[in-house]
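# Chains, contacts and geometry: an overview
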Amino acid sequence: MEKVVIIGAGCAGLTAAIYCARANLSPLVVTGLMPGGLLTTTGTVENFPGFPEGINGFELMNRLQAQAEKFGARIKFGTAEAVELDRQPYTVVVDGESIQTQTIIIASGASHRHLGLESEKKLEAKGVTYCATCDGALPVFRNKPLVVVGGGDSACEEALYLTRFGSVVYLVHRRNELRASKIMARRALEHPKIKPVWDSVVIEIKDVDLGKVTGVRLRNVKSGAETDLECAGVFIAIGHVPNTGVFAGKVEMDSNGYIVRKRGSETSVRGVFVAGDCSDHEYRQAVTAAGMGCMAAIDAERYLAGINQ
Ligand code: NAP
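Residues numbered from 1 in each chain as written. Predicted model: local features only at pLDDT ≥ 70, side-chain atom pairs only at ≥ 80, totals over all residues. Heavy atoms only, no water.

## Concerning the state of the cysteines
Put simply, the rule reads: In this description, the term disulfide denotes a pair of cysteine sulfurs within 2.5 Å. To sort residues, take the accessible area from a 1.4 Å probe on protein chains only and compare it with the maximum for the residue type: under 20% means buried, over 50% means exposed, and anything in between is partly exposed.
Overall, the coordinates contain 0 disulfides when judged by the stated rule. Cys 11 takes part in no disulfide bond, and the closest cysteine sulfur to it belongs to Cys 294, at a distance of 12 Å. Taking relative accessible area as the criterion, Cys 11 reaches 9% and is therefore assigned buried. No disulfide involves Cys 294; its sulfur sits 9.8 Å from that of Cys 20, the nearest cysteine. The class of Cys 294 is buried, set by a relative accessible area of 17%.

## Some points on helix α1 (residues 11–22)
Counting along an α-helix, one turn takes 3.6 residues, and residues three or four places apart therefore face a common direction. Note the following rule: Secondary structure elements follow DSSP: runs of H or I of four or more residues count as helices, runs of E of two or more count as strands, with numbering from the N terminus. A helix is expected to span 1.5 Å for every residue after the first.
When the terminal C-alpha atoms of α1 are compared, their 17 Å separation across 12 residues agrees well with the 16 Å that a helix rising 1.5 Å per residue should span. Most of α1 sits out of view: 10 of its 12 residues are buried. Within α1, burial applies to Cys 11, Ala 12, Gly 13, Leu 14, Thr 15, Ala 16, Ala 17, Ile 18, Cys 20 and Ala 21. The first or second residue beyond α1 is Asn 24, which carries a positive phi of 65°.

## Focus on the packing of α1 against helix α7 (residues 286–304)
When two helices pack together, their arrangement is captured by the angle between the axes and the distance separating the axes. Formally: The axes are straight lines fitted to the C-alpha atoms, using for helices just the contacting stretch, and the angles between their N-to-C directions are given from 0 to 180°. For this classification, under 35 degrees means roughly parallel, over 145 means roughly antiparallel, 65 to 115 means roughly perpendicular, and everything else is oblique. For any helix crossing, the convention is left-handed if the near helix is rotated counterclockwise from the far helix by under a right angle, and right-handed if that rotation is clockwise. Only heavy atoms matter for contacts: two residues are in contact if any of them lie within 4.5 Å across the pair. By the convention adopted, Pro, Cys, Tyr, Trp, Phe, Met, Ile, Leu, Val and Ala count as nonpolar, Lys, Arg, Asp and Glu as charged, and the other residues, Gly among them, as polar.
Contact geometry for α1 and α7: axes closest at 7 Å, N-to-C directions at 40°. The angle between α1 and α7 falls in the class oblique. When the axes of α1 and α7 are compared, the crossing they make is right-handed. Across from Cys 11, Ala 12, Thr 15, Ala 16, Tyr 19 and Cys 20 in α1, the residues of α7 making contact are Ala 286, Ala 289, Ala 290, Gly 293, Cys 294, Ala 297 and Ile 298. The residue inventory of the contact of α1 with α7, partitioned by class, reads 11 nonpolar, 2 polar and no charged.

## Section: the site of the ligand
This is how the line gets drawn: Consider each residue's heavy atoms; a residue with any of them within 4 Å of a molecule or strand counts as near. For this analysis, a polar contact is any N or O atom pair within 3.5 Å, provided that within protein one partner can donate a hydrogen and the other can accept it, and provided that sequence-adjacent residues contribute only side-chain to side-chain pairs. Computed with a 1.4 Å probe, the accessible areas rest on the Shrake-Rupley method; for each residue, only the protein chains presented here act as cover. Source of the domain bounds: an automatic or database domain assignment.
Around the ligand, a shell composed of 19 residues is seen, among which Asp 153, Ser 154, Arg 174, Arg 175 and Arg 179 lie nearest. Asp 153 places a side-chain nitrogen or oxygen 2.6 Å from an oxygen atom of the ligand. Within the side chain of Arg 175, an N or O atom sits 2.7 Å from an oxygen atom of the ligand. Computed on the free molecule, the ligand has an accessible area of 920 Å², of which 80% lies beneath the protein chains in the complex. Among the elements that make up the shell around the ligand, the one with the highest residue count is helix α5 (residues 153–162) (3 residues). Here the shell around the ligand is composed, by residue class, of 4 nonpolar, 9 polar and 6 charged. Inspection of the shell around the ligand shows a minimum of three residues originating in each of domain 1 (2–111 + 240–307) and domain 2 (114–236).

## Some points on a positive patch on the surface
For the record, the criterion: Like charges are joined within 9 Å and nonpolar side chains (Val, Leu, Ile, Met, Phe, Trp, Tyr) within 5 Å, but only among residues with over 30% relative accessible area and no salt bridge; these make up the patches. Counted as salt bridges are all cases of a side-chain nitrogen of Lys or Arg within 4 Å of a carboxyl oxygen of Asp or Glu. We score Asp and Glu as negative and Lys and Arg as positive, and we do not count His or the chain ends. To locate a charge, take NZ of a lysine, CZ of an arginine, CG of an aspartate or CD of a glutamate.
A cluster of basic residues, Arg 113, Arg 174, Arg 179 and Arg 284, forms a positive patch at the surface. Within the secondary structure, Arg 174 sits in the loop between β12 (168–172) and α6 (182–190).

## Some points on the domain arrangement of the protein
Basically, it comes down to this: Summed over both partners, the accessible area (1.4 Å probe) lost when two parts come together is defined as the buried area.
Segmentation of the protein into domains returns domain 1 (2–111 + 240–307) and domain 2 (114–236). The distance between the C-alpha centroids of domain 1 and domain 2 comes to 32 Å. Listed as interface residues are 5 residues of domain 1 and, on the opposing side, 6 residues of domain 2. Carbon and sulfur atoms supply 36% of the area that domain 1 and domain 2 bury against each other, a total of about 350 Å² over both sides. If you sort the residues of domain 1 by the area they bury against domain 2, Thr 41, Thr 42 and Glu 46 come out on top, with a joint share of 72%. Our count for the contact surface shared by domain 1 and domain 2 stands at 1 salt bridge. Our enumeration of links across domain 1 and domain 2 arrives at 1 residue pair in polar contact (both at pLDDT 80 or more). Here the side of domain 1 that touches domain 2 is built from residues that sort into no nonpolar, 4 polar and 1 charged.

See below:
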């Protein structure tokens, strides 16, 4: 029987693991499909406190995992495919194996949002991608026009990264003002290779018949005019959706699928706590996820000790 199972191995999950391990709870961390979480797909993280020179996202997550393991956390590679929360002990099913546990910390993070186009689905990994740092350096994108969709920090970051490879980077945004933080927006808009395309949405990605990206069809949301833009790659950075499907109907969620936090990190189920992007659509920073992971670990520890109940 486990004391704590942590579902997710991003910033929130691994920070919870560090705290639980140091509290002698020997936590079991179930990694999910993306150990290290979304931060492993980012380049340099410039705003994590303590790293004035920045730190690579992948390295940061490796360090968090090493820190958690050093204190006794156990990492289990696999996906939590079902949970049973009706009675204690709770059950987490990981790739067919049932694990009994007294408490659970849900830190399952979020995934990239998709545009929802048929052509997007058909051309995924054939020029359509959700991660510039993963795919931007591929030869197919070199010295070619590229499109980034979105207006937030992620879109700006992706566009800036892609200026190293593309001949020009079109930043296609559905409004005429970026949502990104001032510093990121300024960097993007001042870059000579980045050309904003305002008030526009992608309605089709071409060319499904050729099996590769040759361009996008855009619609101007104000005039309704449709135009074609030639490009070799489409990088979609339009936000995230929480990875909470497995908890549907078991833990209270809001209408967008984010797990609702009660007092501290408590969920609607006693002994089940939550941390990070799967319950936060507002801040979504590495440091806030880490902070929430710390809170969840402390709450789980107190619950196990019979405090605050
Ligand atoms: P975000 O801030 O939610 O921005 C998503 C962008 O995509 C918005 O501009 C939105 O348009 C657009 N969008 C959403 N759905 C769309 C659709 N169906 N079609 C077209 N456009 C669509 O997401 P994010 O940029 O991934 O950032 C998430 C969080 O991570 C933020 O808190 C951000 O600060 C943080 N972050 C920080 C850094 C950094 O500090 N270096 C880097 C990356 C992310 P509207 O603006 O019109 O809503």
